[in-house]
Every structure is written in C-alpha cells, then in structure tokens.
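Single-letter residue listing:
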Amino acid sequence: MSDASFRTLDLPVLGMTCASCVGRVEKALLATPGVTEARVNLAAERAHVVLGAEGSPAAVAAAIRTAGYEPMEEEVVYSVRDMTCASCVGRVEKALAAVPGVLSAGVNLATERATVRFLSGAVAFRDLAAAVQQAGYVLEQPEQAGLDAADREQAARAADIRNLGRAVLIAGVATLPLFVLEMGSHFIPGMHHWLEQTIGVQNWRLISFVLATFVLFVPGLIFFRKGVPALLRRAPDMNSLVVLGASAAWAFSTIATFAPGLLPEGTANVYFEAAAVIVTLILVGRWIEARAKGQTSQAIRRLISMQAKTARVVRDGVEQDIAIDTVQAGDIIVVRPGERVPVDGVVTEGSSYIDESMLTGEPIPVEKNAGAKVVGGTLNTTGAFRFEAQQVGAETVLAQIVRMVETAQGAKLPIQALVDKVTGWFVPVVMAVAVLTFAVWYLFAPDPALGMALVAAVSVLIIACPCAMGLATPTSIMVGVGRAAELGVLFRKGEALQALQGVQVIAFDKTGTLTAGRPELTDLSVADGFDEAEVLALVAAVEGQSEHPVARALVEAASARGLTIARPEAFDSVPGKGVAGVVAGRRIAVGADRYMADLGHDVAVFAEAAARLGDEGKTPLYAAIDGRLAAVIAVADPIKPTTAAAIQAMHGLGLKVAMITGDNRRTAEAVARRLGIDEVHAEVMPDGKVAAVNTLKAGGRRVAFVGDGVNDAPALASADVGMAVGGGADVAVESADVVLTGGDLRGAVSAIGLSRATMSNIRQNLAWAFGYNVLLIPVAAGVLYPAFGYMLSPMLAAGAMALSSVSVVLNALRLRAFKPHIEGAVS
C-alpha cells in the first residue's frame, strides 16, 4: 500500500501472447471503477495496478477475466486458534472474506485450518491476521517445511489437551464436594438435617460460593475469555452460551446468599452446584472431544511418521547425518538396512529390497538396483545402497500425498451448505428462546416462578449445541479421507467423496487399467518336428532387432527361460505384416496370417488353436523356419490378477460396469465375457473416450471413469468422478478426482464403499446433531412440565450438551474400522 487512499497491485496475468493482448488488458483495467493507473508487461506477464479508495481487487480480477485472460490466484492454508464451535467458523470465514483481494475463504473446525484463495500480490498475511484477530481469533502463518510444521502442530494440540485435562482435574476436585453434599441432601434421608447441624445453612452457602466462584473463574475462565468478547462484538458463540448460563445461575445464587432481600419472598434459592457442574461437565466434554478429534488425523500422522528426520549425506567425501530439511537435490545419500529412504531419488550404487507398501499396498519388497527410482518414506529391508536425491522437501511423493490428504480433509462438501446456513443463526436464536422461556415461566409459572424461570432459561442456554452440527461433516470427512489413504486411495478433491456415493456406472479403460499394460507371451504351440525352446530362441533373435512392444515381449519371454538369443546375420521388416531374418544360417519369418500366406504357408494346421486364441481375445502370430510353418504364437496384454474380483465386487455394490477401449470389437468383447463386463465401447480412438463417457451418462446416469491418468485425461475430467490408476509414485494426476496409488482396481471398490460409508456417517451425525437440538431445547424450556411435572436440570443439560459433541466425533471415528468390500484388498 502506498498510503491510506491508494493501493498498488502487482498481478500475474496468464494467457497474454502479443501486444494486442497487453492493450486489451490495460483497456479493461482502466475502465474498471477505482483503477487510477494500469500498466501491463508482456514479457513479465504481469499487470501493475494502482487502486483508489473505491477500487476493488476482485473487480480488477473480474475485468481481466472479462478481457479473456486469467489473473493468477494463490491458495494458502493457515492454522486458526481459539475456535470452539460452528459459529466461530462462520465468523472467521466472514472476516477473511472481507479482506480486499480475498476471493474465497473456507474454515474447517475439525482441522482448525483456514483455506484462503486470493489474488497473487493483492493480500498480505498481516491483513488476514488482523481481520481474524478483530473477530476474536488467532491466524498463524504456515511453516515452509510442511512435515516439521505438522509435528509442531501436533505438539501444540497435545499441549491443549493436557491443559484441558488439568482444567478438568482442578474443576472436578472443587465441584465434587458441592455436587455430593448438595445432591445428597436432596436424595439421602437425614443428610440435609446433618448439613444444617454441622456446617449450617449460611456457612454452607458461603463455602458453595467460594467453590463455585473458583470453578467459574479459574478453570472456567477459558469460557469467559472467549465468550464475553464474542458477546461484546454481538457475535455470540458456544462459549457465550456457557458464560450466560453458568453466570446466571452463579449471580442469582450470589444474590440469594448475600442479599436475599432483593429477591421475591420464597425464591432465594442457590444454584452454585449447577453453575460449577455446568462448567466441569462442559470441560470434560471438551477434553474428551479434543482427544477424539486428535484421532481423526491419525492417518496424516502415520504418513508423516514415515518421513525420516535425518539423512546420511556424503559431502566432501565424508558421510554425515543432517536434518531432512537441509537435504538438497543432487546430494548422494547412504541408506542402510532397516532405515527409511529420506527423500526421492535414483539409486547410484548398491542394491537392496525396499518395502513400498505405503505407496502400492503390496507387502512384498521390490528389488532396487542402480538406476532404479526410490521414494522417500519407503523402508529399506536388506542391503545398503547410495542414491542421488532428486525431489526434496515439498516435492517428494510423501509430501504430495500428505498435502493431498490434508486438502481433501479440509474440503467442504455440498451437504455442508445447509449446516452453514443453520449454524449462522443458531446461537442468537437460542439466546432469544432462552429469554422467551424466562419470560413465559416468570409470568405464568406457579411460585417460586423466578427460580423456575431461571432454571428453564439456563437449561436452554446450556443444552443448545452448535458444536455437534459444526463437527458433523468435517470429522467424518477427516476420518474417511484418512482411512482411504491407508487403503491406497487418495481423494484429490474432497467433493469426490460425496459424488462417488451416487455413481451408477463405472467405466474402465482397458490397457493399463484392466490389464497390466505391457504385452506378454501367453501361448506358444509348435508343429510336429519342432522344439518349443528352439523356436522361441530363434524367434526372439529376429524380434530382438525390432522396437515393437510385441517383439520386446517375445525377447523377454526367451530371456526369462534362460535361452541364448543369437545375433541375426540378416534382418528385414515388412510393415504391417511381420519380420524376417537369418539366424545361425536358418531363415526365420514371424508375422500375421496374411504374411504367412504371402510366403506360401497354409496356417489351417493351427486353425483350432487360432480359433481358441481369438475367443480369448488374443491375436495369433505365426513363425516359419526354413520354409516350414513352425508355430503359432500369442502375445497379449494380460489381465491383472485382481481385476475379475474387483469387477465382481462392483456388481455386488449394484453398479453397472463398462469398458472403453481402442481394441477391435472381437478382442474387447472376449475380454468383457471373461470379466463379466456389462457394456463395451470398442474401437474408440483416444479423442473419442469423452463421447463414450457422455453416452454412458445418457438418461441421467452418474458415471465414474477409471483410467491410467495419461492418455485418459479428457475422459477422467468429463466423468462425474475421475479415478486415476497411479503407478506407485505417480500420485499427482491432475485430471483425476481420486488416485489409486497401487494400481489395483480393488482400490476403486474401496473408494466407492468408503464414500458410501462416509456419507452415511455424515447423515447419522447430522441427524443426531439436528435431532438433539430440535428435541431437547423444548424439553429444556419446560414443555414437559404441564403434562408430566418434569423440569430438566441445568446439570443434566450440561451433561447432554457435552455428550452431543463427543458422540458425533466418536461416531465419525468408527470409519477408522472400515473394511474394504472385497476379500484381499489392502487393509
């Protein structure tokens, strides 16, 4: 900012290609109200804008978009402290959204995080922090090293839990004698008389005053510190309700103790035990809730725990242990048996077997030799090796996974919109109901009306629980997304968690998704007089000169059998038909049936085998040696071992299964028959997959598409939910909503099952939270008294309120026990 009246914005602008673009952007900016100066630099792709007092960064962004270009935006996640309920969420969001330049702000109560999207160069952290501070909360700047910051955040959360536990202990010790003696005098015969004879009524009231005052203003001071400022800002929250309820009971009792003449005759009763028990029970509830909420992020902590804290780096020829955040790309790192790989890189020396189950879900260690990629967080099981660091810090796969899970956990699902609307009005409405309750009881209740009015109003204030409504959705999302990560399913977009439950059709790409994605030799039948091993060795010798995937499959098959592959003396390729060559003086030809026909060979001798291969979706090739037809060969992309079980499980979930492939129809239908696929879209070119997905959407059906995330990007984006099959380390598939890290289609079954379980859990939480308030607030107000003579005690109201929030969190934690809907899936 230049001064109080003018602000300067330096905005990156994307999409400009020439001077005409510069002119259009400048013209659009200068026509925007409040813009006094605008300069656009094509080389730097930036716009320098000076705003007057009435200027708006949001209007600047809109003008750039109207001109056909895109202003660059940033999205930063901050920590927010001192939030306690859904009302706090609304206030922090409102405060952040009001900062000039902020485009959107979303706050998650369960994670205590604020996701702020703003124009690059338009917003400073100090502006955001000041706005949040004015609203009564604390905004913390994100740390640069995400994994270490998470450790510090966890330590801070643990400290908060310890402080709450200490407050509970102190409050409990002070409240216990109050509760025991006061309740005992009501329910134990003779105890009231004993209390009068030994301590005395007035002395007991004085003792009660001291104990209750201590509870309210020492361990219970946290409610006053947050609730009173919120009342003064005319933005009451859950703390405000506790303060009003407990203070009302305490103040009335204090007057009854020290100035009973100020009260109507017969109403000078004391409720010190109610005030103390209210504070103690709500502290207990907060403590249990905090401990339970800590478990909702257990999956993130497990992921973070996989990050090594130090790395053994070779510098200047000397091995030295250094902190993980000081490792640089290009460093040579030594890894010994039993250690975790610190960062991502490529093996340069040595070999070992590495447990990559955190990525792939496969428990069998993978062999790593020179040139192989290794991923930070995986576990070295046997040998020692050295590798060159390539991705460090926030660029590692593990950091990407953590970031992805955190982003999905912090998402707001569409179902949250109704909750936000309700909770925005909830606390003021409850306060109004409490005032109305007090007035009705005071005016119409039998004597002592004042005492009964006080009890009813306090009960209404205490029993209302916006916390449960605010926690209902985010806690389930946190646990559900975390459990998904443990199952090898990464939700890149939290909204997919809700969208996936409504999917009716799941469509699969074939190559690399249903199949392994690499051809293998599946069949080899030789004619009389030929040896199978000799034929394969000769065929591999000729095919070794070709780069075709089929040729590589034949060479790999021969190598796997330990056959010697000679170097051909001559080689010739016949495009579209096959190859020929001379090996050890023998003439070899390999190709399709039409190539054999050109060479004068009748393939009818292999007609039965060829028909069988065709029915299995395989294309037969033939080999001729020294002018004689020697063998029929089939090379095919084998179906993954778990594919059939995954599709069967999809059917068990009530889904229709489709396949979209570029293969010929006969091959595609043969694969579909083997797997039990319902619909086949064959001979589809890569650019036609979107049309195939849209065809599946006909009739309003919701479609999920599962592909390998490379050539399937358009189809992944056009489906209602795109699910990309990652290759272990390939987790950042931009076009997908969900990434299956292990490449196992059973992960798709887990994703859908978990989506349904999470949404069911959210609905249960919302039903409980809303139902609790709808049913119990009237009970607290005393609607049962005329018919049944029952009044809800403020102490019971406090217990019920504490239980409400805790029950929502505990219900969400049940998702941690989710089991995949398929036998053998990762668990």
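Residues numbered from 1 in each chain as written. Predicted model: local features only at pLDDT ≥ 70, side-chain atom pairs only at ≥ 80, totals over all residues. Heavy atoms only, no water.

Caption draft 1: Focus on the overall build of the protein chain. A count of helical and extended segments in the protein chain gives 29 helices and 30 strands. Overall, the protein chain is about 125 × 70 × 65 Å in size when its C-alpha atoms are taken along their principal axes. Residues counted as buried form 52% of the 827 residues belonging to the protein chain. Considering only contacts in the protein chain between residues 6 or more positions apart, those separated by 24 or more positions represent 69%. Placing the 68 positive and 79 negative side-chain charges of the protein chain at their respective mean positions leaves the two points 5 Å apart. (Helix = DSSP H or I, 4+ residues; strand = E, 2+ residues; numbered from the N terminus. Buried < 20%, exposed > 50% of the residue type's maximum accessible area, 1.4 Å probe, protein only. Contact = heavy atoms within 4.5 Å. Lys, Arg positive; Asp, Glu negative; His and termini not counted. Charge placed at Lys NZ, Arg CZ, Asp CG, Glu CD.)

Caption draft 2: Here's a closer look at the packing of helix H16 (residues 466–486) against helix H27 (residues 746–781). Here H16 crosses H27 at 165°, and the two axes come no closer than 9 Å. When the axis of H16 is compared with that of H27, the two are roughly antiparallel. Classified by chirality, the crossing of H27 by H16 is right-handed. Of the residues in H27, those touching H16 at Ala468, Met469, Ala472, Thr473, Thr475, Ser476, Ile477, Gly480, Arg483 and Ala484 are Leu754, Thr758, Asn761, Ile762, Asn765, Leu766, Ala769, Phe770 and Asn773. Looking at the contact of H16 with H27, its residues break down into ten nonpolar, eight polar and one charged. (Axes fitted to C-alpha atoms, helices over the stretch in contact; angles between N-to-C directions. Parallel < 35°, antiparallel > 145°, perpendicular 65-115°, else oblique. Left-handed = near helix turned anticlockwise from the far one by under 90°. Nonpolar A, V, L, I, M, F, W, Y, C, P; charged D, E, K, R; others polar.)

Caption draft 3: Structural context of the pairing of strand E19 (residues 505–509). In terms of burial, E19 is largely enclosed, as five of its five residues are buried. Alternating residues of E19 divide into Val505, Ala507 and Asp509 and Ile506 and Phe508, and every residue in both groups is buried. Taken together, the four bridges between E19 and strand E28 (residues 703–707) define a ladder with parallel strand orientation. Bridge assignment links Val505 to a residue of E28, and that residue is Val703. (Pairing = 2+ DSSP bridges.)

Caption draft 4: Spotlight on the UniProt feature "transmembrane region" (unreviewed entry) in the protein chain. As annotated in UniProt, the feature "transmembrane region" (unreviewed entry) corresponds to residues 167–187, 207–228, 240–263, 269–288, 422–444, 450–473, 766–788 and 794–813 in the numbering used here. With 87% helix and 0% strand, residues 766–788 has end C-alpha atoms that lie 29 Å from one another. (UniProt positions renumbered as here; feature names shortened; annotations may be inferred.)

Caption draft 5: Spatial organisation of the sheet that holds strand E15 (residues 373–374). Taken together, six strands build an open sheet; the order of strands is E10-E9-E11-E17-E12-E15 and the sheet is antiparallel. Two strands lie at the open edges of the sheet, namely strand E10 (318–323) and E15, each paired on one side alone. Note: strand E11 (residues 332–335) against strand E17 (residues 385–391), four bridges, orientation antiparallel. The partner of Ile333 across the bridge, within E17, is Phe387.

Caption draft 6: The arrangement of the side chain of Thr661 in detail. Its place among the elements puts Thr661 in the loop between strand E26 (656–660) and helix H24 (665–675). Not counting residues within four places of it along the chain, the set of residues in contact with Thr661 comprises Lys510, Ala668, His681, Ala682, Glu683 and Val684.

Caption draft 7: Examining the packing of aromatic side chains more closely. Enumeration over the complete set of coordinates arrives at eleven aromatic pairs. Aromatic rings pair up to connect Phe209, Phe217, Phe224, Trp250, Phe258 and Phe272 into one cluster. (Phe/Tyr/Trp six-rings, centres within 6.5 Å; stacked < 30°, edge-to-face > 60°.)

Caption draft 8: Summary view of the nonpolar core. Within the largest apolar cluster, 187 residues are counted, with the highest numbers of intra-cluster contacts made by Leu96, Ile506 and Met723. Of the residues forming this core, the biggest block, 14 residues, is contributed by H27. Met723 has contacts with Leu500, Ile506, Ala704, Phe705, Val706, Gly707, Leu716, Val738, Leu740, Ala748 and Ala751, leaving out every residue within four places of it along the chain. In terms of nonpolar packing, the next biggest core, distinct from the first, is built from 40 residues, Leu521, Phe530, Ala624 and Ala634 among them. (Core = buried A, V, L, I, M, F, W, Y, C linked by side-chain atoms within 4.5 Å.)

Caption draft 9: Summary view of the sheet that holds strand E7 (residues 113–119). Pairing is antiparallel in the open sheet, where four strands are placed in the order E6-E7-E5-E8. Every other strand in the sheet has two partners, leaving strand E6 (102–108) and strand E8 (138–140) as the edge strands with one partner each. Adjacent strand axes in the sheet meet at a mean angle of 30° when their direction is disregarded. Sheet contacts for helix H4 (residues 125–134): strand E5 (73–81), E6, E7 and E8; angle to E8, the most-contacted strand, approximately 155°.

Caption draft 10: Region of the structure containing unusual backbone geometry. Although it is not a glycine, Glu112 adopts a positive phi angle of roughly 55°. Turning to its location among the elements, Glu112 is positioned in the loop between E6 and E7. Phi angles above zero are rare outside glycine, and Glu683 is one such case at about 55°. Among the secondary structure elements, Glu683 is positioned in the loop between strand E27 (679–681) and helix H25 (689–696).

Caption draft 11: Representation of the pairing of E28. Of all the five residues making up E28, five are buried; the element is thus mostly covered by neighbouring parts of the structure. Here E28 shows a buried face lined by Val703, Phe705 and Gly707 and a second buried face lined by Ala704 and Val706. Relative to strand E29 (residues 721–725), E28 is paired through four bridges, and the arrangement is parallel. Its bridge partner lying in E29, Val706 is registered against Met723.

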